[in-house]
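So you can see what is in the structure, the chains are spelled out below.
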Amino acid sequence: MNYGFVRVASAIPNVKVGDCAHNAEHIQQLIAKAAEREADIVCFPELSITAYTCQDLFFSQFLLDNAELALMRITDFTRSLDVAVIIGLPVSCSGMLLNCAVVVCKGKILGAVPKSYLPNYKEFYEMRWFVGAAGLPRMSTHLAGQTVTVDTRQIFQTPSCSFGVELCEDLWAPEPPGTALALAGAEIIFNLSASNDVIGKDAYLNSLLSQQSARTHCGYIYSGCGFGESTQDLVFGGKAMIYEDGHLLAQAERFSLDEQIIFSEIDVERLRAERRTNTTFTISAAKQEANGVKYTRIDVPQSLTPKSDFSLTRVVDAHPFVPVGKELDARCNEIFNIQVRGLAKRIVHVNCDTLVVGISGGLDSTLALLVCVKACDLLGRSRHSVVGITMPGYGTTSRTYTNATNLMKILGITIREISIAEACDQHFRDLGHDPAAHDLTYENSQARERTQILMDAANQMNGIVVGTGDLSELALGWATYNGDHMSMYGVNVSVPKTLVRHLVEWTARNIADEACRTVLEDIAATPISPELLPADEDDNITQKTEDLVGPYELHDFFLYYFLRFGFSPRKIEFMARTAFAGSYDEDTIRRWLRTFLRRFFQQQFKRSCLPDGPKVGSCSLSPRGDWRMPTDADVSQWLKDLE
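These remarks concern the structure in this document. (Residues numbered from 1 in each chain as written. Predicted model: local features only at pLDDT ≥ 70, side-chain atom pairs only at ≥ 80, totals over all residues. Heavy atoms only, no water.)

Some details on the nonpolar core
Going by this rule: The set of buried Ala, Val, Leu, Ile, Met, Phe, Trp, Tyr and Cys residues whose side-chain atoms join them within 4.5 Å is what this entry labels a nonpolar core. Note on exposure labels: buried denotes an accessible area under 20% of the residue type's maximum, exposed denotes more than 50%, and partly exposed covers the range between, all computed with a 1.4 Å probe on protein chains only. The contact criterion used is simple: two residues touch if any of their non-hydrogen atoms lie within 4.5 Å.
Ranked by size, the top nonpolar core spans 93 residues in total, and within it L343, L355, F558, F596 and F600 carry the most contacts. Not counting residues within four places of it along the chain, the set of residues in contact with L355 comprises L343, I347, C372, C376, S385, V386, V387, I464 and V466. Core analysis: the second largest hydrophobic core is formed by 54 residues, C20, L63, M139 and I261 among them.

Brief notes about the packing of aromatic side chains
Two descriptors summarise a pair of aromatic rings, namely the distance from one centre to the other and the angle between the planes of the rings. Counted only if it meets this: Any pair of Phe, Tyr and Trp rings, taking the six-membered ring for Trp, is counted once the centres come within 6.5 Å. Such a pair is stacked with planes under 30 degrees apart, edge-to-face with planes over 60 apart, and tilted for the rest. Note on geometry: a ring has a charge over it if NZ (lysine) or CZ (arginine) is within 6 Å of the ring centre and within 35 degrees of the ring normal.
Applying the stated criterion across every chain, the model contains 33 aromatic pairs. Each residue in the set F321, F557, Y560, Y561, F565, F567, F580 and Y584 is aromatic and connected to the rest through ring pairs, giving one cluster. Note that K571 overlies the ring of F567, its terminal NZ or CZ placed 3.9 Å from the centroid.

With respect to the side chain of D197
Basically, it comes down to this: Runs of H or I in DSSP of at least four residues are treated as helices and runs of E of at least two as strands, each being numbered from the N terminus. Within 3.5 Å is the distance limit for a polar contact, defined as a pair of N or O atoms, with the added protein rule that one can donate a hydrogen and the other accept it, and that residues adjacent in sequence qualify only through two side-chain atoms.
Position of D197 among the secondary structure elements: in the loop between β10 (188–193) and α5 (201–215). Of the residues examined, D197 reaches a relative accessible area of 13% and is grouped as buried. Within the local environment of D197, its side chain forms a polar contact with the side chain of R254, the two groups lying 2.5 Å apart. Setting aside residues up to four positions removed in sequence, D197 forms contacts with V235, F236, G237, G238, K239, R254 and F255.

A short note on the sheet that holds strand β8 (residues 154–157)
Just so we agree on the cut-off: Criterion used throughout: strands pair if DSSP finds at least two bridges between them. Lines fitted to C-alpha atoms define the axes, with helix axes restricted to the stretch in contact, and inter-axis angles between N-to-C directions lie between 0 and 180 degrees.
Taken in spatial order, the 7 strands line up as β13-β12-β11-β10-β9-β8-β15 in an open sheet, and their pairing is mixed. Either end of the sheet is taken by a strand with one partner, and the two such strands are β13 (247–251) and β15 (296–299). Strand-to-strand, the axes of this sheet are offset by a mean angle of 25°, without reference to chain direction. Pairing between strand β9 (residues 162–167) and β10: 5 bridges, direction parallel.

Some words on helix α14 (residues 497–510)
Keep this limit in mind: A helix is expected to span 1.5 Å multiplied by its residue count minus one.
If you check α14, its first and last C-alpha atoms are 20 Å apart, about what 14 residues at 1.5 Å a residue would give, namely 20 Å. Those residues of α14 that sit buried are K497, T498, L499, V500, L503, V504, W506, T507 and A508. Structurally, α14 contributes buried residues whose contacts are with α8 (326–350), α9 (363–379), α13 (471–476), α15 (514–525) and α17 (552–565).

Next comes the structure, spelled out in C-alpha cells:
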C-alpha cells in the first residue's frame, strides 16, 4: 500500500471551553482537510470536544450529554470519508468518568481508549473528575447510539498499518502504555494531550517523543491543546509533532492563534524492518506475550486500494550518509576517530614497524593516509613509519601525481616512488597481450601490479598494507579482485564515497595547516578515477568513474535503503525520484538503479573475502558481521520489480 507509507495528521482546533457544538464544527472542518489531503489517520487533542480546561463543569451531565451529541455528529460526518479519526472526550462508563480517546471511521465508533495515568500535580487535578484506567478490566458502554468497548488494550488495524492510542500523562509514566502497545504490534502510537507550556518543557517533551519513538521503533503522533483553552492559571500553546523512529518529520507552530493541521508519512515498512532486526525488541515482545496480556485487534474499515498518484509530503534526504551543518562536523570527527583508533589497535597488536599506503592523489588514499598519520601521532610513533608509495602508470596525470607527492611531503612521511609501467609492459609481453587494447586485462594488470608492490614492500619493511577502498566501491564491486580489493587492514571499508569527500574537506578545515589545506581542497575537487587509462592530450583524466558506473550520490542512496532496510527496487526508485527531483529524471534514476542491483549481486564474491576494517556507521558489508549473502544469488526478480 503506497510503498509502505501511511499518511498521518495531527490537528489543533480552536476551541471554546464547554461549547461542544462549536468544537465539533471546527473538528469536522479539520477532518475534511485531512480527508482532502488523503490522510489515513488524523488525531486531535485530549478532551477536544469539550476543551480540556472545563474543570468542575465535567461534573455537569449537561456537558456530558452535549459531548456525546457532538461525537454523534462527528461520527456521522465521517460516514463517507476514508480517514480514521481519533478524538478526545469524557466518557461515562460503569459509574466512572473516564478521559477517553475515541476512534471513529466511516460512521462507526471502533473503540474508546481511556487514559491510564492521571496527573495530580500542583497545576493539574484530573483525579478530581476522572478515574485512571490503569488496572481496569475491559468494559463496554453505550456511546452516541453505539455499543463501544472501553479498554487501554486495543490495537486498531487498517489495511496498511496497526496503531494504538495513549493520552498525555501516559507518555510520561515509567512504563507508558504505548510501549506495551508497540510490543503487541502497534506500529504507530497516537497521543492526545493537553500539556501546558512552561519554560524548558517543550525541549524536554521533544526529547521524550524522540526517545520513545526510537526505543519502540514506531511512528509517534502527538496533538496538544492550543488557543481557546482557559488561561485562568495555565497557557496551552498548541503542540503537534510527528516522529518516526526518533526523527522529527513535522511540527506545528507553537503559540499560534490559528488552528493548525500538520501532515507527514510514516514509513511503516522501515519500522517493521527495524523491529525484525532488533533482537531486544523481539525478545521484549515475546516476553510480554508470554505474560498473558491480551490485546484486542479492531479492523478499521478503510479502502484497500492504494492511491495511484501517491506522493510524499515528508523530505527524503538525498544524502542519507551525510548530515549537514554542525552535525556533519560532529560525524566526521567521530568517524575519523573510529578509523584512527581501529588502526592504532591493529598497529599495537601486530607490532609492525611501518604502515604502507598506496598514494594516488585521489580521495580514498588521501583519507587513508590522514588516518595513518593521526594513528602514529596518537601512538607517539614517528610519521616516517608511514610509507607512502606513489606508483605512476599509464593513466597518471600531473595533477594527481603532484597532489600525492606534495601531500606526503607536507605530512612528513617516508616517500617512495615505484613506476608500474615497465613491469606492466613486461607482463603484457609475457601474456601476449596487446597494450593498445585498453580492456579489462589492461586495467586489472595495473591494479594487481600496484598491490603486489605494496604487499612486497610491506614485507620488506616489516609493515602492513593499509587499504584505501571505501564502502561504495565494495557495493559496486569497483575494485580489482586480489588487487586494490585486498589489504591487511582497510580503514575506509565502511565509509561511503559521498562521506569520504566530506571527511577530507573536514580534515582540511579542522586539522590541516594552510599548505596542507590547499592540497586537500584540490584533491577533493579532483574527478574520481582509477587512472588506469591514458590521459588525454591536455593531461586530463579520461577515465571518470561516475561516467562508467553512475553518480556515487545515487549509488549511496540506493545502497543505504537496500542494505539498511531491505526496501524493494520500486520503493527505492520512488524515494529517489522524490529525493533527487530536479537533479535526475526518472529514466536516469532507473538506469543507474539497474546498474547498482546487477553489480551488487554479481560482485558479492569480492565482499566474501574482505580484509578487516572498522565499522563506522549503520551500514557495513563485512562478511563477518553486517552482510552475509550467497555469491550466486539471482538478481532477476529485483530487476523485474523495476519493470
